[in-house]
Amino acid sequence: MWTGKYVRSPLARSLFVNMVTESEAAGIETQEWYRCSPDLLGEMVQPLFVQSHLDSDTQAFLRRSGEKSGWLFTQFYHSFVSTVLSPLVSRTSINGFLGRGSMFVFSADQFQRLLHITPEWRAERLLDLGAGDGGVTEVMGAHFREVYATEVSLPMRWHLQRKNYKLLGLDEWEQMEFKYDLISCLNLLDRCDNPLDLLRGIRRSLVPGTGRVILAVVLPFQPYVEIGGRWQRPKEHLRVKGKTWEEQVTILSNDVFQGVGFEVEAVTRLPYLCEGDMYKDYYVLDDAVFVLKALDD
């Protein structure tokens with residue numbers, strides 16, 4: 001085990017102490033990513049909460065992000081291109097063009113625990129709305145025979161095509177003759193113009209009875225839509241009251257989701273991670289990840 005007891009050089013001791021302090025701070029930070037006070041959740045939501053933890057897949061993503069952050073020449077190039085293109089192109093498209101900014105929402109184990117499925121479980125169709133570069137789609141797609149995806153950004157669509165996912169238009173996914181066993185809507189609700197219409201469309205597109213939704217939303221809820229590299233308020237303003245993570249989860253569960261015909265089967269707190277740059281190894285936001293099923297008509 002490493003110890004600073006026998007480090008004699010003042011400079012070396014200082015570096016060692018800083019390294020240990022940063023490591024301890026990182027450990028405390030990662031614990032906070034998953035912290036929830038179940039007694040602050042609404043009475044109906046409390047028994048649905050699933051406690052998550054930092055696991056090996058998440059740690060692997062953080063290590064890769066740290067390594068990439070240290071590629072200085074690559075990061076300088078990315079910074080230059082981003083500065084030049086940002087007035088003209090969305091941040092998502094810039095990341096897709098550069099092959100950076102991959103996201104991590106949940107690991108395979110966390111996904112399986114939320115849905116109460118085994119690694120061997122299989123179903124017919126998955127639809128991933130706003131799939132980005134397909135990194136999170138891969139985690140879910142292993143359980144489905146057919147994987148469909150939508151994505152606005154053209155560079156991100158290229159990534160999805162290379163992974164052989166079936167791309168659908170933004171309005172096309174609702175018009176298919178078949179239904180989906182699982183629809184994922186990950187960190188999209190606060191970045192679309194009409195979130196309630198989106199939820200209603202998702203409900204109509206599920207396989208009756210057995211179809212499920214896995215939905216992630218960043219909290220506190222702050223909706224904005226990115227258009228041409230600029231941020232503006234969505235057309236349909238979804239109000240989510242509450243100051244704490246637990247309060248907003250309760251409002252979403254009891255008011256928003258039930259209001260459009262869903263009930264919550266499970267919810268957990270997870271970090272929404274994004275690869276970093278020359279300034280930070282990674283970026284993180286607080287996610288609430290729900291499993292929803294349609295209420296009976």
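Position labels on residues start from 1 in each chain and follow its written sequence. For a predicted model such as this one, the threshold for reporting local features is a pLDDT of at least 70, and the threshold for listing and counting side-chain atom pairs is 80 or more; totals across whole chains, interfaces and linings nevertheless cover every residue. For the side-chain quantities, the full set of heavy atoms in the structure was used; hydrogens and water were omitted.

Enquirer: Go over the overall build of the protein chain with me, naming the residues and quoting the values.
Expert: On a plain count of helices and strands, the protein chain comes out with 9 helices and 10 strands. Approximately 16300 Å² of the protein chain is accessible, and the part contributed by carbon and sulfur atoms is 54%. Segments assigned H or I by DSSP are reported as helices when at least four residues long, segments assigned E as strands when at least two residues long, and all are numbered from the N terminus. Throughout, the Shrake-Rupley method with a 1.4 Å probe supplies accessible areas, and for residues the shown protein chains are the sole cover considered.

Enquirer: How would you explain helix 9 (residues 245-259) if you had to name every residue and give the values?
Expert: An expected span of 1.5 Å times one less than the residue number is assigned to each helix. Between its first and last C-alpha, helix 9 extends 20 Å over 15 residues, near the 21 Å set by a 1.5 Å rise per residue. Note on bend: at a given residue it equals the angle between the axes fitted to the 7 residues ending there and to the 7 starting there. A maximum bend of about 35° is found in helix 9 at L252. Each residue's exposure class comes from its accessible area (1.4 Å probe, protein chains only) as a fraction of the maximum for that residue type: buried when under 20%, exposed when over 50%, partly exposed otherwise. Of all the residues in helix 9, the buried ones are W245, E246, Q248, V249, T250, L252, S253, V256 and F257. Every residue pair with non-hydrogen atoms within 4.5 Å of one another is taken to be in contact. On the buried face of helix 9, the contacting elements are helix 8 (195-204), strand 6 (212-218), strand 9 (262-275) and strand 10 (282-294). Following helix 9 by one or two positions, G261 adopts a phi angle in the positive range, close to 95°.

Enquirer: So what about the pattern of salt bridges? Which residues, and what values?
Expert: We define a salt bridge as a side-chain nitrogen of Lys or Arg found within 4 Å of a carboxyl oxygen belonging to Asp or Glu. For the structure shown, the criterion picks out 11 salt bridges. We note a salt bridge from R200 to D197, for which the minimum N-O separation is 3.1 Å. Linking R200 with D197, this pair stays in helix 8, spanning 3 residues, or about one helical turn. Classification of D197 as partly exposed rests on a relative accessible area of 42%. Put simply, R212, E263, E265 and K293 are held in one network by salt bridges that share partners.

Enquirer: Break down the sheet that holds strand 1 (residues 103-104) for me, with residues and values.
Expert: Whether two strands pair depends on DSSP finding at least two bridges between them. The strand order across the open sheet built from 8 strands is 1-9-10-6-5-2-3-4, with neighbouring strands paired in mixed fashion. For this open sheet the edge positions go to strand 1 and strand 4 (166-167), each flanked by a neighbour on one side alone.

Enquirer: Please set out helix 5 (residues 108-115) residue by residue, giving values where relevant.
Expert: For helix 5, the complete set of buried residues consists of Q110, F111, Q112, L114 and L115. Two residues or fewer after helix 5 comes H116, characterised by a positive phi angle close to 55°.

Enquirer: Which residues make up the environment of E172, and what values go with them?
Expert: Summarising the element assignment, E172 is placed in the loop between strand 4 and strand 5 (182-186). The partly exposed category is assigned to E172, whose relative accessible area is 35%. Each C-alpha atom of the pair E172 and T150 lies 9.1 Å from the other, and the pair is 22 residues apart in sequence. Counting of polar contacts relies on pairs of N or O atoms within 3.5 Å, with two restrictions inside protein: one atom must be capable of donating a hydrogen and the other of accepting it, and residues adjacent in sequence are counted only when both atoms are side-chain atoms. Within the local environment of E172, its side chain forms a polar contact with the backbone nitrogen of G169, the two atoms lying 2.8 Å apart.

Enquirer: Describe in detail the nonpolar core, supporting the description with residues and values.
Expert: Counting 38 residues, the largest nonpolar core has I202, L215, V249, F257, F262 and F290 as its most contacted members. Of all the secondary-structure elements, those providing two or more residues to this core are strand 2 (123-129), strand 5, helix 8, strand 6, helix 9, strand 9 and strand 10. Setting aside anything within four residues of it in sequence, one finds F290 in contact with V213, I214, L215, V217, V249, L252, S253, F257, V264, A266 and V267. Side-chain atoms within 4.5 Å are what join buried Ala, Val, Leu, Ile, Met, Phe, Trp, Tyr and Cys residues into a set we call a nonpolar core. If you look at the next biggest cluster of nonpolar residues, it comprises 35 residues, including F144, I214, A266 and L273.

Enquirer: Any details on the pairing of strand 10? Residues and values, ideally.
Expert: Across 6 bridges, the pairing between strand 6 and strand 10 is antiparallel. Of the residues in strand 10, the one forming a bridge with L215 is F290. Here strand 9 runs beside strand 10; their pairing, made up of 13 bridges, is antiparallel. Note that in strand 10 the partner of L273 across the bridge is V284.

Enquirer: Break down the environment of L196 for me, citing the residues and quoting the values.
Expert: Tracing the sequence through the fold places L196 in helix 8. Along the sequence, L196 and E236 sit 40 residues apart, while their C-alpha atoms lie 7.9 Å from each other. Contact partners of L196, with chain neighbours within four places excluded, come to E236, L238, V256 and V260.

Enquirer: Residue-level account of the pairing of strand 3 (residues 144-149), with values.
Expert: Of all 6 residues that make up strand 3, 5 are buried, and the element is covered over most of its length. When strand 2 meets strand 3, the two strands line up parallel, connected through 5 bridges. Paired with L127 across the bridge in strand 3 is Y148. The β-α-β motif built from strand 2, the intervening helix 6 (residues 135-141) and the parallel element strand 3 has right-handed crossover chirality. Bridge count between strand 3 and strand 4: 2 bridges; the pairing is parallel. Counted as the bridge partner of A149 is L167 from strand 4. Look down the strands so they point away from you; if the path from the first strand over the helix to the second goes clockwise, the crossover is right-handed. A crossover connection joins strand 3 to the parallel strand 4 through helix 7 (residues 154-162); in handedness this β-α-β unit is right-handed.

Scope: geometric values only; no functional claims are made or implied.
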